[in-house]
Amino acid sequence: MEDRLADLLKYFELEARTFQAGPLRHAGNYDGRDGLGYIHVQLNGCMRLESACHPAVEVDEPSLYFYMNPTHHRVIPLDDRVTMVCASLRFASGGENPIARALPDLVLIRLANTPTLEPVIKVLVQEAGEQHCGRQAVLNRLMEIVVIGVLRELMDQNILQTGMLAGLAHPKLHKAINAMHAEPGRNWNLESLASIAGMSRARFSSKFHEVVGTPPGLFLTQWRLNVAQALLRRGEPLQLVADATGYSSTSALTRAFVTQLGLPPKQWLKRELEATKSEPARTKV
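One numbering rule holds for all chains: residues counted from 1, following each sequence as written. In keeping with the predicted nature of the model, local features appear solely for residues at pLDDT of at least 70, side-chain atom pairs appear and are counted solely at 80 or more, and the whole-chain, interface and lining totals rest on all residues. As a rule here, side-chain values cover all heavy atoms of the structure and leave hydrogens and water aside.

### Things to note about the sheet that holds strand 2 (residues 28-30)
At least two DSSP bridges between two strands are needed for those strands to be called paired. A run of H or I in DSSP becomes a helix once it reaches four residues, and a run of E becomes a strand once it reaches two; helices and strands are each numbered from the N terminus. Taken in spatial order, the 4 strands make up an open sheet running 2-7-4-5, and their pairing is antiparallel. Two strands in the sheet have a free side with no partner beyond their single neighbour: strand 2 and strand 5 (54-59). Ignoring which end each strand starts from, the neighbouring axes of this sheet average 10 degrees apart. Relative to strand 7 (residues 73-77), strand 4 (residues 47-51) is paired through 5 bridges, and the arrangement is antiparallel. Within the sheet, the bridge partner assigned to E50 lies in strand 7 and is R74. Only the contacting stretch of a helix is used when fitting its axis, a line to C-alpha atoms as for every element, and angles between N-to-C directions run 0 to 180 degrees.

Next up, the structure:
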């Protein structure tokens, strides 16, 4: 099967900043207004998760839980055995991204149910308990690998019922989604996408909407704008961005930005860069 995450991570590079690695004695309070996601890997003890987006959850075995979208939540140790590795998450391209959009508010996975993550968790535990040179950087990279491993698990185990990742887990739809991800500037139409998926036009359109949650045309528009946002943040000129994302001119791209995002590209970029500068610094481990 093709790499279903390659083009997503090409434009939306994940950045983790580890700020907790060891015993957790006090509750952690995370404000969704900071624009960041968070991942918490619970290695020992019993924890309570609280958030307005879900009922309170008690976790009494090694688990990981993450809020990919900015979400106000609290993690509360219920005994003195709790050991945690925690990191904030963001995507280098900034802005709304399709990976976060494809996930529920909370993803909770028992580590015993994900043996494929065992090797990296083992290294994570070892690194967290020692004080080698480069420890911060290693922990950051390991947490990024953990998140990618979780995304794989969600697709491989067909855990999500709707959304882009559910579409990427579908045996036929993933072919069309991968094609749009790989070539956002191509002049795709319903017939060509259905052909790639090996389905009739009517069946493809219906199944795509059912599984992914949006019609194929709207999904393509959103992906093109996601790619355009990533390229703009990398400093690419507007004409190149328009060409790369299938818009006939910079004016056409601008109209799409205003329609979908409420701002023309340059104003959107200015807002995003200002928001990035105002992000709070993370406490290092």
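### Concerning the packing of aromatic side chains
Centres within 6.5 Å make a pair out of two Phe, Tyr or Trp rings, where for Trp the six-membered ring is used; the pair is then stacked when the planes are under 30 degrees apart, edge-to-face when over 60, and tilted otherwise. Summed over the entire model, instances satisfying the criterion amount to 8 aromatic pairs. Judged by centre distance (6.2 Å) and plane angle (50 degrees), the ring pair of F12 and W223 falls under tilted. On the criterion of sequence distance, the pair formed by F12 in the loop between helix 1 (6-11) and strand 1 (14-23) and W223 in helix 9 (residues 216-233) is long-range, its members being 211 residues apart. The exposure class assigned to F12 is buried, which follows from its relative accessible area of 1%. Type-normalised accessible area, obtained with a 1.4 Å probe on protein chains alone, sets the label of each residue: buried when under 20%, exposed when over 50%, and partly exposed for intermediate values.

### A word on the sheet that holds strand 6 (residues 63-67)
One open sheet accounts for 5 strands, arranged 1-8-3-6-9; its pairing is antiparallel. Lying at the two open borders of the sheet, with one neighbouring strand each, are strand 1 and strand 9 (107-110). Strand-to-strand, the axes of this sheet are offset by a mean angle of 15 degrees, without reference to chain direction. Of the pairings in the sheet, the one linking strand 3 (residues 37-44) to strand 8 (residues 83-91) comprises 7 bridges and is antiparallel in character. Paired with Y38 across the bridge in strand 8 is S88. Sheet strands in contact with helix 4 (residues 135-156) are strand 1, strand 3, strand 6, strand 8 and strand 9, and its direction is about 110 degrees off that of strand 1. Contacts between residues were defined by any pair of non-hydrogen atoms, one from each residue, lying within 4.5 Å.

### Side note on helix 6 (residues 173-182)
In an α-helix, one turn spans 3.6 residues; hence positions three or four apart end up facing the same way. Within helix 6, 8 of the 10 residues are buried, which leaves the element mostly enclosed by the surrounding structure. Where helix 6 is concerned, the buried positions are L173, H174, A176, I177, N178, A179, M180 and H181. On its buried face, helix 6 is in contact with helix 1, helix 5 (164-169), helix 7 (190-197), helix 8 (201-212) and helix 9.

### Points about the pattern of salt bridges
Only one rule defines a salt bridge in this text: a Lys or Arg side-chain nitrogen within 4 Å of an Asp or Glu carboxyl oxygen. Under the definition given, this model contains 12 salt bridges. R33 is the salt-bridge partner of D31, the closest N and O atoms lying 2.7 Å from each other. Among the ionic contacts, a cluster of salt bridges with common partners joins R48, E50, E58 and R74.

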